Amino acid sequence: MTATLIARPAAVAAPKPADVIRLWSPAAEGIELTVVVPFYNPGAALRPTVQRLAECLTEAGVGFEVVAVSDGSTDGSEHTLAGIDGVRVIVNAVNQGKGAALHTGFAAARGAWIGFIDADGDIDPAHLVQYLLLARAGGHAGVYADKRHALSTSGATGFRKLVSIVYSTLVSVLFFLGIKDSQTGCKIFRRDVLAGLLPSLRERRFAFDLEFFVAAKAAGIRNFVGAPVRLEERTAGSTVGRSAIVRTIRDTFTIYARLRRNEYAPVAREDLALAA
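Residues numbered from 1 in each chain as written. Predicted model: local features only at pLDDT ≥ 70, side-chain atom pairs only at ≥ 80, totals over all residues. Heavy atoms only, no water.

Looking at the protein chain as a whole, its pLDDT mean stands at 87, while 86% of the residues score no less than 70. Below a pLDDT of 50 lies the segment residues 8–14, which in the model reaches nine contacts outside its immediate sequence neighbourhood of four places, other chains included. (pLDDT = per-residue confidence, 0-100. Contact = heavy atoms within 4.5 Å.)

Here you go:
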């Protein structure tokens, strides 16, 4: 059965220690993978994406849960998920951004591996099965969709491709991450890696992905691997408009300033427990 939960939006940018510390608890028995699906007014695209995700994981024999997080949606799309097994729905009452929705979903995750995928329908959820197999075999800290990979294909518009190239160049110049593509919305992380990094993360919008990798590098975690991804034309309208692009660039420089101030130093589990 699908359970609908109501979560109050956080009043501050940082996640609450009591929420984050749950990730240090062992994964729930039988749940190898939690997939968080953040969404904001995706309309009819949401159910096919989540249904396909559940079917792929079931067929692969993966013990899973899907945590679908509405980022203040007003189109009632959360109700379209009724009846999909293995799905929990969390509703944030106020729109705050993709990063905020991910924070909410991660805090509720029970899997040994924790991933996320965009709800727009441009990425086949079957990729998450491939990424889990790759992560298992290589003992990686995480696997991320890399549209720069030689085996990747993209149906994105010319404008989106240009924006992606310009942004990835900016990221390379500022951060030297060794990661070609920080922003494609399909990734999987080991539970303990996410638990260690989440207390340092402040971004509530699209720059969350970048901030995660910046914090990982600051913590000395580099065992991430890029994997091929096939990007289709979007089946729902994109929330990444020109204003969002400008804001993401601004947030990128904010992350750079935080890095220079050493704000991404790892938070010890004991310190987090005291703060809770």
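Further notes follow.
What follows covers the pattern of salt bridges. Per the counting criterion, the structure on display carries 16 salt bridges. Notably, a salt bridge pairs Arg-52 with Asp-124, separated by 3.0 Å at the nearest N-O pair. Of this pair, Arg-52 sits in helix 2 (residues 46–59) while Asp-124 is found in the loop between strand 5 (113–117) and helix 4 (126–138), placing the two residues 72 residues apart along the sequence. Judged by its relative accessible area of 18%, Asp-124 is buried. Put simply, Arg-250 and Asp-251 hold a salt bridge, and the shortest N to O gap is 4.0 Å. The exposure class assigned to Asp-251 is buried, which follows from its relative accessible area of 5%. (Salt bridge = Lys/Arg side-chain N within 4 Å of Asp/Glu carboxyl O. Helix = DSSP H or I, 4+ residues; strand = E, 2+ residues; numbered from the N terminus. Buried < 20%, exposed > 50% of the residue type's maximum accessible area, 1.4 Å probe, protein only.)

Grouped together as the largest cluster of nonpolar side chains are 38 residues, with contacts concentrated most on Phe-106, Phe-175, Leu-177, Leu-194, Leu-210, Phe-212 and Phe-224. Within the residue set of this core, elements represented by two or more residues are strand 3 (64–71), helix 3 (98–107), strand 5, helix 5 (158–175), helix 6 (191–197) and helix 7 (208–218). In terms of residue count, the dominant contributor to this core is helix 7 (seven residues). Residues in contact with Leu-194, not counting those within four places in the same chain, are Leu-23, Phe-106, Ile-114, Phe-189 and Phe-212. Listed in part, the 36 residues of the second largest apolar core include Leu-33, Val-35, Leu-53 and Val-62. (Core = buried A, V, L, I, M, F, W, Y, C linked by side-chain atoms within 4.5 Å.)

This next bit is on the packing of helix 2 against helix 4. Between helix 2 and helix 4, the least distance of the axes is 8 Å, while the angle of their chain directions is 40 degrees. By the angle between their directions, the pair helix 2 and helix 4 is classed as oblique. In this structure, helix 2 contributes Arg-52, Leu-53, Cys-56 and Leu-57 to the contact, and helix 4 contributes Ala-126, Leu-128 and Val-129. (Axes fitted to C-alpha atoms, helices over the stretch in contact; angles between N-to-C directions. Parallel < 35°, antiparallel > 145°, perpendicular 65-115°, else oblique.)

Moving on, we get to unusual backbone geometry. Phi is positive for Asn-41, which is not a glycine, with a value near 50 degrees. Among the structural elements, Asn-41 can be located in the loop between strand 2 (33–39) and helix 2. Not every positive phi belongs to a glycine, and Phe-176 is a case in point at roughly 50 degrees. Residue placement: Phe-176 occurs in the loop between helix 5 and strand 8 (186–190).

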